[in-house]
Amino acid sequence: MKRGKTWSYVIRVIDPETGVSKPKWVGGFAEEDDAKEARDEARRAARRGEYVDRNAITVAEFLGDWLDAHSLEVKPRTLDGYRYLVRQYISPRIGHMRLQAVRPSTLSGLYRELLAGGGRGGAALSRRTVDFVHAVLRKAFNDAVRSDQLLASNPAERAKRPRREQRGPIEVWTGEELRRFLDVMSEHRLFAFYRLAAYSGARRGELLNLRWPDIDWNAPAVRIRGSVGMVAGERIEGTTKGGRERVVSLDAGTVEVLRAHRRQQLADIDVAGAAWLDSGHVFTNGLGRPIYPDSVSQLMAKSIKAYNQPEDSALRPTHPLPHARLHDLRHVHATMLLVAGVPVHVVADRLGHADPAVTLRVYAHVIRQHAAGIADVFAAAVDESNDEPDEGPAAALVPS
């Protein structure tokens, strides 16, 4: 029925303390259809013994409390990302709504709106960002169902998202292009960083977190113990992305580069004297201070540009280096290993992927390309077997 300007419904629910059935009025719906839909859903939940009492908490209020509680479970950088998505994309659009009024259609509309014009200045937002928004809402609403019992079901589970765009194959440098880039960086004091990034496949934050005891000169190998990220402009150290340590083997050439880097750092310590900050990090500035993640990314971009567009146009290379990000060195590493026939699970472990399925998904095009000749391999194996004596079909069934 309509009460004032809003609609209400009534159902009978069992009091968990007394076991007695009693009427329960629920109001505040703007439209009659909304009230009917909520009533029918409440009736079904009541019959299953899953009825959730009405609560006036808004989406913004719930997400604020959820983020505060979640700070104990996730890394600071991840939490900072959650807060940004809530503040930038969710709260301005549905934060005022009651949590229990959110329907799958509400979230489907939110995703469409963000994809069409949720970016800066009304620009279209990337599908990847919309997926992140969905992931946060799904995780938060799951807790609203299971932990806080504010929702009977998770509306994000049934929300429709825009069709996923097909990603093209990852374009990576060739071995020759990688060698040219490393030649460009060879005289820079951070040359060892880029060499290790390319030859280990480790993430930027993992390398910037390394201390000298993490390098096993005898194995030789490097132990990836943690990672570095930026939160609100501050350099924060924490666990790796997957939350576990791993050991990555090193080739002899990379070991020699690291030894040379260590000798240079010891020389820097002598020059700096008391001004040196002994943080123990492998990669530091000239005074021993840890390096910020964006610094190595920006240095790579500037170095490529300087190589491609030197001040003296006569020195411009015949074959410029294609644009590449620091993270693309990781892609180069993985791609070359897969093309060389290294098993996917081995590559996944080296990259720090918790599940080889992640490696399969990211590098599917490489694996398909590598698999193109498998039919010939099988045929050759069968043909070779023809050279063996034919003892008849029953011979294979006789135990030796």
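Refer to the structure above for everything that follows.
Before going into details, it helps to say that this report is about the structure given with it. This is a predicted model, so every value here is computed, not measured.

Definitions and limits used
Residues numbered from 1 in each chain as written. Predicted model: local features only at pLDDT ≥ 70, side-chain atom pairs only at ≥ 80, totals over all residues. Heavy atoms only, no water. Helix = DSSP H or I, 4+ residues; strand = E, 2+ residues; numbered from the N terminus. Buried < 20%, exposed > 50% of the residue type's maximum accessible area, 1.4 Å probe, protein only. Contact = heavy atoms within 4.5 Å. Areas by Shrake-Rupley, 256 points an atom, 1.4 Å probe, with all protein chains shown as cover. Axes fitted to C-alpha atoms, helices over the stretch in contact; angles between N-to-C directions. Parallel < 35°, antiparallel > 145°, perpendicular 65-115°, else oblique. Left-handed = near helix turned anticlockwise from the far one by under 90°. Nonpolar A, V, L, I, M, F, W, Y, C, P; charged D, E, K, R; others polar. Arc of directions from axis to C-beta. 1 Å grid on protein atoms, 1.4 Å probe; cavity = no way out; pocket = protein on both sides within 12 Å on 5 of 7 lines; lining within 4 Å. Points joined across faces, edges and corners; volume = space filled by probe spheres on them. Phe/Tyr/Trp six-rings, centres within 6.5 Å; stacked < 30°, edge-to-face > 60°. Salt bridge = Lys/Arg side-chain N within 4 Å of Asp/Glu carboxyl O. Core = buried A, V, L, I, M, F, W, Y, C linked by side-chain atoms within 4.5 Å. Patch = residues over 30% accessible without salt bridge, like charges linked within 9 Å, V, L, I, M, F, W, Y side chains within 5 Å.

Concerning the overall build of the chain
The helix and strand inventory of the chain stands at 16 helices and eight strands. Relative to its 400 residues, the chain shows a buried fraction of 38%. Long-range contacts, defined as pairs at least 24 residues apart, comprise 59% of the intrachain contacts of the chain with a sequence gap of at least 6. A total of about 23500 Å² of accessible surface is found on the chain, and carbon and sulfur atoms cover 52% of it.

What to know about the packing of helix α7 (residues 175-185) against helix α8 (residues 191-200)
Two measures define how a pair of helices packs: the angle their axes make with one another and the distance between the axes. Close contact between α7 and α8 brings their axes to 9 Å; oriented N to C, the two are set at 160 degrees. As far as their axial angle goes, α8 and α7 are roughly antiparallel. Both α7 and α8 take part in a crossing whose hand is left-handed. Listed contacts from α8 to Leu 178, Phe 181, Leu 182 and Met 185 of α7 are Phe 191, Tyr 194, Arg 195, Ala 198 and Tyr 199. Of the residues in the contact of α7 with α8, the class split is eight nonpolar, no polar and one charged.

Here's the deal with unusual backbone geometry
Note on backbone geometry: most residues besides glycine have negative phi, and most peptide bonds are trans. Of note, the bond from Ala 219 into Pro 220 is cis; its omega dihedral lies within 30 degrees of zero at -20 degrees. Here Pro 220 lies in the loop between β4 (215-216) and β5 (221-224).

A word on helix α13 (residues 344-351)
Among the residues of α13, those classed as buried are Val 347, Ala 348, Arg 350 and Leu 351. The arc that holds every buried residue of α13, seen down its axis, measures 165 degrees, which confines them to one face. Buried residues belonging to α13 abut α8, β8 (246-249), α12 (327-339) and α14 (356-362). Following α13 by one or two positions, Gly 352 adopts a phi angle in the positive range, close to 85 degrees.

Some thoughts on empty space enclosed by the protein
Left-over empty space is what a probe sized like a water molecule reveals as it rolls over the atoms. Considering all chains together, one arrives at two cavities of 30 Å³ or more under this definition. Here the largest cavity is characterised by a volume of approximately 60 Å³. Lining the largest cavity, in full, are Phe 193, Ala 197, Ala 202, Arg 203, Arg 204, Leu 207, Leu 326, His 327, Leu 329 and Arg 330. Contributions of two or more residues to the lining of the largest cavity are made by α8, α9 (204-208) and α12. A per-element tally of the lining of the largest cavity places α12 first, with three residues. A class-by-class count of the residues in the lining of the largest cavity yields six nonpolar, one polar and three charged.

A look at the environment of Leu 99
Topologically, Leu 99 is positioned in the loop between α3 (76-94) and α4 (104-117). What makes Leu 99 buried here is its relative accessible area of 0%. Through-space distance from the C-alpha of Leu 99 to that of Ile 57 is 6.1 Å; in sequence the pair is 42 residues apart. For Leu 99, the contacting residues outside a window of four places in its chain are Ile 57, Thr 58, Val 59, Phe 62, Phe 141, Ala 144, Leu 150 and Leu 151.

Regarding the packing of aromatic side chains
Inspection of the entire model under this criterion finds eight aromatic pairs. Ring centres of Tyr 9 and Phe 29 lie 5.8 Å apart, and the angle between their planes is 35 degrees; on these two criteria the pair is classed as tilted. Pair noted here: Tyr 9 is in strand β2 (residues 6-14) and Phe 29 is in strand β3 (residues 21-29), with a separation of 20 residues, a long-range link. Per residue, the accessibility class of Tyr 9 equals that of Phe 29, and both read buried. Centroid distance Phe 193 to Phe 283: 5.3 Å. Interplanar angle 90 degrees. Geometry classified as edge-to-face. A residue pair is termed long-range when its members are at least 10 positions apart, and Phe 193 in helix α8 and Phe 283 in the loop between α10 (252-272) and α11 (293-308) qualify at 90 residues.

Some points on the pattern of salt bridges
All chains considered together, the criterion is met by 20 salt bridges. Measuring nitrogen to oxygen at the nearest pair gives 3.7 Å for the salt bridge that ties Arg 103 to Glu 37. Of this pair, Arg 103 sits in the loop between α3 and α4 while Glu 37 sits in helix α1 (residues 32-47); the two residues are 66 residues apart in sequence, bridging distant segments of the chain. Using a relative accessible area of 14% as the deciding quantity, one classes Arg 103 as buried. In this structure, a network of salt bridges that share partners links the residues Asp 214, Arg 223, Arg 225 and Glu 245.

Remarks on the nonpolar core
Trp 173, Phe 181, Phe 193, Tyr 194, Phe 283, Met 300 and Leu 329 are the most contacted members of the largest nonpolar core, which has 39 residues in total. For this core, the secondary-structure elements that each account for two or more residues are α7, α8, α9, β5, α10, α11 and α12. Residues within four places of Phe 283 in sequence aside, it is in contact with Leu 190, Ala 192, Phe 193, Leu 196, Leu 207, Leu 208, Leu 210, Leu 258, His 261, Pro 290 and Ile 291. Core analysis: the second largest hydrophobic core is formed by 32 residues, Tyr 82, Met 97, Leu 150 and Ala 156 among them.

Things to note about a nonpolar patch on the surface
There is a patch of nonpolar side chains on the surface, built from Met 1, Val 10 and Trp 25 and spanning about 280 Å² of accessible area. Mapped onto the fold, Trp 25 is located in strand β3. In this structure Trp 25 comes out as partly exposed when scored by relative accessible area, which is 38%.

Re the packing of α12 against α13
Taken N-terminus to C-terminus, the directions of α12 and α13 make an angle of 160 degrees; their axes are 10 Å apart at the nearest point. Taken as axis vectors, α12 and α13 run roughly antiparallel relative to one another. Crossing handedness for the pair α12 and α13: right-handed. Residues Arg 330, His 333, Ala 334, Leu 337 and Leu 338 of α12 form the contact with α13, whose participating residues are Val 344, Val 347, Arg 350 and Leu 351.

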